[in-house]
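# Summary of structural features
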Amino acid sequence: MSQPTNTRGARRGPRPANARRVAFDVLRAVQVDDAYANLLLPTRIRRAGLTARDAAFATELTYGSIRMLGRYDVIIALASGRRPENIEADVLDVMRLGAHQLLAMRTPTHAAVDATVELAREVGARRATGFVNAVMRKIAARTDDEWDGQITEGRGGDALLATRWSHPVWVVSALRDALAAERTRDELAALLAADNAAPRVQLAALPGLATDEDIATATARTVPDADDDADADAAFADATGAADVPAALVPADDEPEADGATGTVPPVRTADPVPAADALPVSPVGIRGISGDPARVPGVAAGRLRVQDEGSQLAALALSRSSAVREGERWLDMCAGPGGKAALLAAEAQQGGATLVANELVPARAGLVRNALGVFGDHVRVVEGDARRYGRDGTGMTFDRILLDAPCTGLGALRRRPEARWRKTPEDVQELAALQTELLDAAVRVLAPGGTLAYVTCSPHLAETRGQVDALMGRHGGVLEQLDTATIVRGVAARDPEIADGNTAQLWPHRVGTDAMFIALFRRVG
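Here's a quick rundown of the structure. (Residues numbered from 1 in each chain as written. Predicted model: local features only at pLDDT ≥ 70, side-chain atom pairs only at ≥ 80, totals over all residues. Heavy atoms only, no water.)

### Overview of the pairing of strand 5 (residues 355-360)
By the criterion of burial, strand 5 is predominantly enclosed, with 5 of the 6 residues buried. By the bridge criterion, 4 bridges tie strand 4 (residues 330-333) to strand 5 in an arrangement that is parallel. By the bridge assignment for strand 5, R330 is matched with T355. Of the crossover connections in this fold, the one passing from strand 4 over helix 16 (residues 340-352) to the parallel strand 5 is right-handed. Of the pairings in the sheet, the one linking strand 5 to strand 6 (residues 380-384) comprises 5 bridges and is parallel in character. Bridge pairing links E360 to E384 in strand 6. (Buried < 20%, exposed > 50% of the residue type's maximum accessible area, 1.4 Å probe, protein only. Helix = DSSP H or I, 4+ residues; strand = E, 2+ residues; numbered from the N terminus. Pairing = 2+ DSSP bridges. Right-handed = clockwise from strand over helix to strand, strands pointing away.)

See below:
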């Protein structure tokens, strides 16, 4: 593996410490307050008044440091001779930021070291500045490629991949099992690499609302002008944390192809450029890879285009387009917050003469759903409550199409939720699987004869996907039939979604650039 030196791009001078302080504050809030980087970072950037370039720097520094936190902790431990838990938390976060600048960004070595020491002083860790300086210089003495050899020495299997690609071992094992279920275990390294690459902004053109001009204007922004600053594009994230791939993550032409079987791939500081085929939308209403701030796209500002991952788009469309819509159908989105899929369903329902009930448990998220659905008329209604009540609330109401976008571990969206990999545990899988089971049973209770149920998760974990499907058919096989979901999704998609054949569909980020959404469709017989 060849590796450019970490002074590559030295023509760019050091960024103001203000951008680094923003990144530090967000990183600390993620650690201490369980904050979500994608929600907090834009607020902190605006409050600091950062320029677009400095906002881009803060964005990559924040997201990259969180994604690679596990890997950097191993490097810091070797460079310092201390276990991470024995280093003061604020000092450790400062050094994580410094490590990312040294090993994964184009910040010149002297600037990264000096700015990291200054940041330690600024955040009140003056006593540790000598320690920070020494550790940063030791990290800077090796390339990322050389550190990779150091930190993976003596490791093998999932432990090696977990260290190299900065995932917990249990997550690596779960992803390996999910790929193996499709007989594609050799794609594991490519999937882990995709989790560490900044996702591209994707838009949904709401059917019946988005105009040809909206789509043309947004599509024109998918090819930035020659004078555009590619780094600045990374500063603009959607509500799910998506951002364009920063130029700093594009590898040199001489870097090798990945060997999926061994996990021997270009270092984590780089990501493969998006192939031409993957730059094309896989959703029939999708627009992919716009440059700059999506809020500045007129259709987005007007609410006719929505920022939404194309995997989520396909999940909603697989339900709405699985069969012809009949006038007067009743649809239910059981867990609608924050409203992205509900908006797409509402647009589809409006065109077909159906009505939609969007249910959400959490009042604050229900407010987001109301905002998302504000452009629609009386055929859409937002309600609050525990979705497990359905079929037991005495109303006797049934629905012709039901979307259960179930609460899950979110292991399919690790590129958008960088902190999720460090927060979830195997115990969470068990608790969430129990909740998913109860929600599925509730959905079956209110599914009308001949009606269609879409079970969707943003997780490929087998306990949340195929395991749930098998258990559901074991409980309700007398009233449910599985639909050929893979064929339906292929029929809906704008191009080959590269999914396996069968009654379920599992999307993958390393194949088509979407989140790893799981979709299973069922019909109530009789």
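The discussion continues.
### Quick notes on the side chain of R401
Counting through the fold element by element, R401 comes out in strand 7 (residues 399-405). A distance of 3.3 Å separates the side chain of R401 from the backbone oxygen of S320, its partner in a polar contact. Reaching out from R401, the side chain makes a polar contact with the backbone oxygen of S323 at a distance of 3.1 Å. In this structure R401 touches L319, S320, R321, S322, S323, A324, V325, E329, R330, W331, L332 and T452, once residues within four positions along its chain are discounted. (Polar contact = N/O pair within 3.5 Å; in protein donor to acceptor, adjacent residues only side chain to side chain. Contact = heavy atoms within 4.5 Å.)

### A look at the sheet that holds strand 2 (residues 286-288)
Strand order across the open sheet formed by 3 strands is 2-1-3, with antiparallel pairing between neighbours. Since the sheet does not close on itself, it has two edges, and those belong to strand 2 and strand 3 (305-307), each with one partner. Ignoring which end each strand starts from, the neighbouring axes of this sheet average 30° apart. The sheet contact formed by strand 1 (residues 202-205) and strand 2 spans 3 bridges and is antiparallel. (Axes fitted to C-alpha atoms, helices over the stretch in contact; angles between N-to-C directions.)

### Notes on the environment of H110
Mapped onto the fold, H110 is located in helix 6 (residues 109-122). The class for H110 is exposed, based on a relative accessible area of 55%. C-alpha of H110 to C-alpha of A140: the two residues are 30 residues apart in sequence and 9.1 Å apart in space.

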